[in-house]
Amino acid sequence: MVLVGKAQAPGEVVKLEGSQASILVYEDMAGVCVGDPVKFMRKPFTVELGPGLLGSVFDGVQRPLKPHEAVPPRGVSFAPLDRLKKWTFRPTVQVGEHITGGDIFGRVQETPLVEHRLMLPHSLMGTVTWIAAPGEYTVEQRLIEVEFQGKCLSHGMITEWPMRKQRPSRDQLEPNTLLTTGFRVLDAFFPCAQGFACAMPGACGCGKSTITYNIARYSNVDVVVFVICGERSSDLSDFLYGIQYARTETAEPATSKICIVANSCNMQPAAVEGSIYTGAAIAEYYRDMGYRVALVADSTSRWAIALQDIASHLGEIPSGFDPHLSPRKPFTVEPLRCRPWLSS
């Protein structure tokens with residue numbers, strides 16, 4: 001990860017040739033001149049995971065968006081999760097217990113429909129030496145302290161995870177439950193099991209987006225991560241505004257179980273390409289809690305076009321389809337599979 005120019009636009013190194021690095025920037029490059037500074041952050045792009053994801057709208061690099069805002073202001077960076085909001089924490093472990101990565105050490109009621117289960121990062125393990133008392137805490141406050149081999153490490157509600165790295169899993173479960181979409185005709189003639197992947201091909205104006213929007217609202221899953229990559233800004237703004245007033249079958253706000261990652265077609269190809277990975281990381285996070293998660297992407301064809309644009313910028317040989325599509329496609333599909341967390 002790098003910050004380019006005086007506006008510190010986020011970017012990513014995608015190619016190295018000798019002493020030169022090719023950088024894809026996630027924002028408009030207008031105003032960037034020769035001699036502008038480039039700051040290397042010495043870490044990959046990471047996604048912040050914690051309470052507050054559901055009901056929020058992010059762009060491809062997890063910058064929060066307002067309901068009427070399809071494109072974030074240039075050069076502006078905000079924390080993905082609210083640092084001031086307090087959450088009611090309930091511990092589930094005691095001092096002296098042995099825990100490892102993936103174990104749940106506390107619970108937070110994130111929305112009326114979803115209870116957020118705080119998990120220990122996969123890199124930590126050991127004996128609990130201190131646990132916070134039940135009460136209200138912000139996402140930055142430490143809640144647990146673990147000792148392993150004489151070292152004490154603390155952890156709070158926030159977990160940072162590399163955007164392009166899959167979360168580890170122990171096994172793949174056999175899908176045995178039907179995914180109900182809210183459309184009886186689809187459930188009858190095109191059934192799909194929870195844990196499977198399905199596609200909806202069709203021409204423009206056939207209603208693909210309308211169907212996916214309703215699947216996000218009425219499907220029999222606990223959490224929905226909706227990735228909108230490459231849509232027109234006007235359509236995207238209308239959707240972001242209308243989803244605020246949508247209701248589920250239980251009359252609860254639809255945003256109580258939906259996290260939206262949105263990138264319009266007039267944003268940089270790198271931002272459109274990264275939105276799929278951001279959505280997959282969030283979906284895997286809630287999957288590891290034990291929830292049934294639906295990862296909906298609209299549309300993967302525009303995501304493939306973004307990959308093709310990136311390949312052209314890198315000077316790769318033109319082809320009928322992007323050469324990076326085949327190796328990257330399994331990464332975006334596999335998070336939908338039934339995979340328990342390592343310690344589940």
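Relevant structure appears above.
Just so it is clear, the model here is predicted, and its values are computed rather than measured.

Asker: Provide a residue-level description of the overall build of the chain, including the pertinent values.
Answerer: For the chain, the helix and strand inventory stands at six helices and 18 strands. Of all 344 residues assigned to the chain, the portion counted as buried reaches 45%. A sequence separation of at least 24 residues applies to 67% of the contacts in the chain between residues at least 6 apart. Accessible surface, the chain as shown: approximately 17200 Å² in total, 55% of it carbon and sulfur.

Asker: Which residues make up the sheet that holds strand β16 (residues 223-231), and what are the values?
Answerer: Overall, parallel pairing links the four strands, which are arranged β6-β17-β16-β18 in an open sheet. Of all strands in the sheet, those bounded by a partner on one side alone are β6 (57-58) and β18 (293-298). Both β16 and strand β17 (residues 258-264) contribute to a ladder of seven bridges, which runs parallel. Residue pairing across strands places isoleucine 228 opposite alanine 262, the latter belonging to β17. Along the sheet face, helix α2 (residues 208-218) touches β16, β17 and β18 and points at about 160° away from the line of β16.

Asker: Before we move on, can you summarise the sheet that holds strand β7 (residues 87-91) with the specific residues and values?
Answerer: Taken in spatial order, the four strands line up as β10-β9-β7-β12 in an open sheet, and their pairing is antiparallel. Unpaired on one side and paired on the other, β10 (115-119) and β12 (135-137) mark the two borders of the sheet. The sheet shows a mean angle of 40° between the axes of neighbouring strands, taken without regard to direction. Judged from the three bridges that link them, β7 and strand β9 (residues 104-109) form a sheet pairing that is antiparallel.

Asker: Break down the pairing of β16 for me, with residues and values.
Answerer: In the case of a regular strand, side chains alternate between the two sheet surfaces. Of all nine residues that make up β16, nine are buried, and the element is covered over most of its length. Strand direction decides the pairing type here: β16 and β18, joined by six bridges, are parallel. Residue pairing across strands places valine 225 opposite leucine 295, the latter belonging to β18.

Asker: I'd like to hear about the pattern of salt bridges, residue by residue, with values.
Answerer: What the rule picks out here adds up to 13 salt bridges. For glutamate 273, the salt bridge goes to arginine 164, with nearest N and O atoms at 2.8 Å. Within this pair, whereas glutamate 273 is found in helix α4 (residues 269-288), its partner arginine 164 is found in the loop between β15 (159-162) and α1 (184-189), the two being separated by 109 residues in sequence. Look at the salt bridges and you will find they share partners, linking Arg167, Glu284, Arg287 and Asp288 into a network.

Asker: Could you give an account of the nonpolar core, naming the residues involved and the relevant values?
Answerer: Counting residues in hydrophobic clusters, the biggest one holds 60 residues, and the most contacted among them are Leu53, Phe89, Phe105, Ile144, Met157, Ile282 and Tyr286. Excluding residues within four positions of it along the chain, isoleucine 282 makes contact with Val47, Leu49, Leu53, Val225, Cys259 and Val261. With 19 residues, the next largest nonpolar core counts Phe226, Leu240, Ala246 and Ala294 among its residues.

Asker: Give me the side chain of glutamine 194: which residues, what numbers.
Answerer: When you line up the elements, glutamine 194 lands in the loop between α1 and α2. Looking at glutamine 194, its side chain comes within polar contact range of the main-chain oxygen of asparagine 220, at 3.0 Å.

Asker: Residue-level account of the side chain of histidine 116, with values.
Answerer: Structurally, histidine 116 can be placed in strand β10. Looking at histidine 116, its side chain comes within polar contact range of the side chain of glutamate 110, at 2.7 Å. For histidine 116, the side chain forms a polar contact with the side chain of tyrosine 285, separated by 2.8 Å. Residues contacting histidine 116, with those up to four places away along its chain left out, are Gly50, Pro51, Gly106, Arg107, Val108, Glu110, Tyr285, Tyr286, Met289 and Tyr291.

Asker: Tell me about the packing of α4 against helix α5 (residues 300-313), and name the residues and values.
Answerer: The N-to-C vectors of α4 and α5 enclose an angle of 130°; their axes lie 8 Å apart at closest approach. Accordingly, the angle class assigned to the pair α4 and α5 is oblique. Judged by the sense of rotation from one axis to the other, the crossing of α4 with α5 is left-handed. Where α4 approaches α5, its residues Pro269, Ala270, Val272, Glu273, Ile276 and Tyr277 are matched on the opposing element by Arg302, Trp303, Ala306, Leu307, Asp309 and Ile310.

Asker: Residues and numbers for a nonpolar patch on the surface, please.
Answerer: Taken together, the side chains of Val185, Phe189 and Phe190 present a nonpolar region at the surface, about 380 Å² in accessible area. Following the sequence through the fold, valine 185 ends up in helix α1. When its relative accessible area of 49% is taken as the criterion, valine 185 is described as partly exposed.

Asker: Would you mind going over α4 in detail, with residue names and values included?
Answerer: The first and last C-alpha atoms of α4 sit 30 Å apart over 20 residues, in line with the 28 Å expected at 1.5 Å per residue. Of all the bends found along α4, the most pronounced is centred on serine 275 and spans about 25°. Within α4, 20 of the 20 residues are buried, which leaves the element mostly enclosed by the surrounding structure. Backbone geometry just after α4 places glycine 290 at a positive phi near 105°.

Asker: Now, about the packing of aromatic side chains: what can you tell me, with residues and values included?
Answerer: Counted by the stated rule, this structure contains four aromatic pairs. Ring centres of tyrosine 26 and phenylalanine 45 lie 4.9 Å apart, and the angle between their planes is 70°; this geometry places the pair in the edge-to-face category. Taken together, the residues span a long stretch of sequence, with tyrosine 26 in the loop between β3 (20-25) and β4 (38-40) and phenylalanine 45 in the loop between β4 and β5 (46-49) at a distance of 19 residues. Residue tyrosine 26 is classed as buried on the basis of its relative accessible area of 1%. Take phenylalanine 45: its relative accessible area is 7%, and that puts it in the buried class. Between phenylalanine 89 and phenylalanine 105 the ring centres are 6.5 Å apart and the planes differ by 50°, which places this aromatic pair in the tilted class. A residue pair is termed long-range when its members are at least 10 positions apart, and phenylalanine 89 in strand β7 and phenylalanine 105 in strand β9 qualify at 16 residues.

Conventions used here
- Residues numbered from 1 in each chain as written.
- Predicted model: local features only at pLDDT ≥ 70, side-chain atom pairs only at ≥ 80, totals over all residues.
- Heavy atoms only, no water.
- Helix = DSSP H or I, 4+ residues; strand = E, 2+ residues; numbered from the N terminus.
- Buried < 20%, exposed > 50% of the residue type's maximum accessible area, 1.4 Å probe, protein only.
- Contact = heavy atoms within 4.5 Å.
- Areas by Shrake-Rupley, 256 points an atom, 1.4 Å probe, with all protein chains shown as cover.
- Pairing = 2+ DSSP bridges.
- Axes fitted to C-alpha atoms, helices over the stretch in contact; angles between N-to-C directions.
- Salt bridge = Lys/Arg side-chain N within 4 Å of Asp/Glu carboxyl O.
- Core = buried A, V, L, I, M, F, W, Y, C linked by side-chain atoms within 4.5 Å.
- Polar contact = N/O pair within 3.5 Å; in protein donor to acceptor, adjacent residues only side chain to side chain.
- Parallel < 35°, antiparallel > 145°, perpendicular 65-115°, else oblique.
- Left-handed = near helix turned anticlockwise from the far one by under 90°.
- Patch = residues over 30% accessible without salt bridge, like charges linked within 9 Å, V, L, I, M, F, W, Y side chains within 5 Å.
- Expected span 1.5 Å × (residues − 1).
- Bend = angle between axes of the 7 residues up to and from the residue.
- Phe/Tyr/Trp six-rings, centres within 6.5 Å; stacked < 30°, edge-to-face > 60°.

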